[in-house]
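Summary of the model geometry
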Amino acid sequence: RSMTLQLLWEPRRLRLLSLKWTALALVTAATTVVALVLGVALGAVTASLRGTWEGIGAGLSMDGGEVLGDFWPQLLLTAGRGTVLVVLAASFGYAIAMLVRNTGAALGTAFVYFAVVENAVRLALAKLGPEPWMLSTNAVSFVIPGGLEVPGRQPSTSGIVPEDSYLATV
């Protein structure tokens, strides 16, 4: 019911909605960055008081060799992708809330989709391997460095599913 009141001060609906979306995106991104910095700071306090910083910059390469200095760049890249994902999710929620004009409906829609629809599709189409097309799987793949290994999915350069893949046996 606040849209009518807001349109008294700003009669152009599109400009009002875009300004509200911009504010949402900026506040969401800033809140996410603050939460990530707070998490790293608390991790630093914990490592200083109860642990050690030894080996924090070391990682393992694919051939088993040690790679130095890989932790902080990977952490920053993962945090950046996570921030983008949070802003996108907030934007989808905002779009649904503006369409149905109710924030509760947007939250209910998201809950029904992620808790009911995706799991029902996973169960109903388990033999067909629907994971590569699920929104939650793709969101996790976006944030994890190097993506997510999906069982039964083999990369194909020609676009044709290889004969020895899981999908070819169904």
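Details of the pattern of salt bridges
Summed over all chains, the structure comprises 2 salt bridges. The salt bridge partner of Glu-118 is Arg-122, with a shortest N-O separation of 3.4 Å. Note that Glu-118 and Arg-122 are positioned in helix α4 (residues 103-124) at a spacing of 4 residues, about one turn of the helix. Here Glu-118 falls in the buried class, since its relative accessible area comes to 1%. Salt-bridge contacts for Arg-122 lead to Glu-131; the nearest nitrogen and oxygen are separated by 2.5 Å. Classification of Glu-131 as partly exposed rests on a relative accessible area of 23%.

Quick notes on helix α2 (residues 13-50)
In a regular helix each residue adds 1.5 Å, so 38 residues correspond to 56 Å; α2 covers 54 Å between its end C-alpha atoms and thus fits that length. Three or more residues of α2 are buried, namely Leu-16, Ala-25, Thr-28, Thr-32 and Ala-47.

A few points about the confidence of the model for the protein chain
Per-residue confidence for the protein chain gives a mean pLDDT of 77, with 73% of residues at or over 70. The low-confidence segment residues 161-170, where pLDDT is below 50, has 17 contacts with residues more than four positions distant or belonging to other chains.

What about the packing of aromatic side chains?
Overall, the coordinates contain 1 aromatic pair when judged by the stated rule. Both rings, one in Tyr-113 and one in Phe-114, keep their centres 5.1 Å apart while their planes meet at 80 degrees; by these two values the pair is edge-to-face. Among the residues examined, Tyr-113 registers a relative accessible area of 29% and is labelled partly exposed.

Side note on helix α3 (residues 71-100)
Taking 1.5 Å of rise per residue, 30 residues should cover 44 Å, and α3 covers 43 Å from first to last C-alpha, within 8% of that figure. Here α3 has its buried residues at Ala-79, Arg-81, Gly-82, Thr-83, Val-87, Ser-91, Tyr-94 and Ala-97. Among the structural elements, α2, α4 and α5 (135-143) are those in contact with the buried residues of α3. Downstream of α3 by one or two residues, Arg-101 has phi in the positive range, about 55 degrees.

Overview of the packing of α2 against α3
Following both chains from N to C, one finds α2 and α3 inclined at 145 degrees, their axes separated by 9 Å at the closest point. Once α2 is placed against α3, the crossing between them reads as right-handed. The segment α2 lies against α3, with Leu-17, Lys-20, Trp-21, Leu-24, Ala-25, Thr-28, Ala-29, Thr-32, Val-33, Leu-36 and Val-40 engaging Trp-72, Leu-75, Ala-79, Thr-83, Val-86, Val-87, Ala-90, Ser-91, Tyr-94 and Met-98. For the contact of α2 with α3, the class distribution of residues is 16 nonpolar, 4 polar and 1 charged.

Looking at the packing of α3 against α5
Contact pair α3 / α5: the axes reach a minimum separation of 8 Å and the direction vectors enclose 145 degrees. Taking contact as the criterion, the partners of Thr-78, Arg-81, Gly-82, Val-84 and Leu-85 in α3 are, on α5, Ala-139, Phe-142 and Val-143. Split into classes, the residues belonging to the contact of α3 with α5 amount to 5 nonpolar, 2 polar and 1 charged.

Cut-offs applied
- Residues numbered from 1 in each chain as written.
- Predicted model: local features only at pLDDT ≥ 70, side-chain atom pairs only at ≥ 80, totals over all residues.
- Heavy atoms only, no water.
- Salt bridge = Lys/Arg side-chain N within 4 Å of Asp/Glu carboxyl O.
- Helix = DSSP H or I, 4+ residues; strand = E, 2+ residues; numbered from the N terminus.
- Buried < 20%, exposed > 50% of the residue type's maximum accessible area, 1.4 Å probe, protein only.
- Expected span 1.5 Å × (residues − 1).
- pLDDT = per-residue confidence, 0-100.
- Contact = heavy atoms within 4.5 Å.
- Phe/Tyr/Trp six-rings, centres within 6.5 Å; stacked < 30°, edge-to-face > 60°.
- Axes fitted to C-alpha atoms, helices over the stretch in contact; angles between N-to-C directions.
- Left-handed = near helix turned anticlockwise from the far one by under 90°.
- Nonpolar A, V, L, I, M, F, W, Y, C, P; charged D, E, K, R; others polar.

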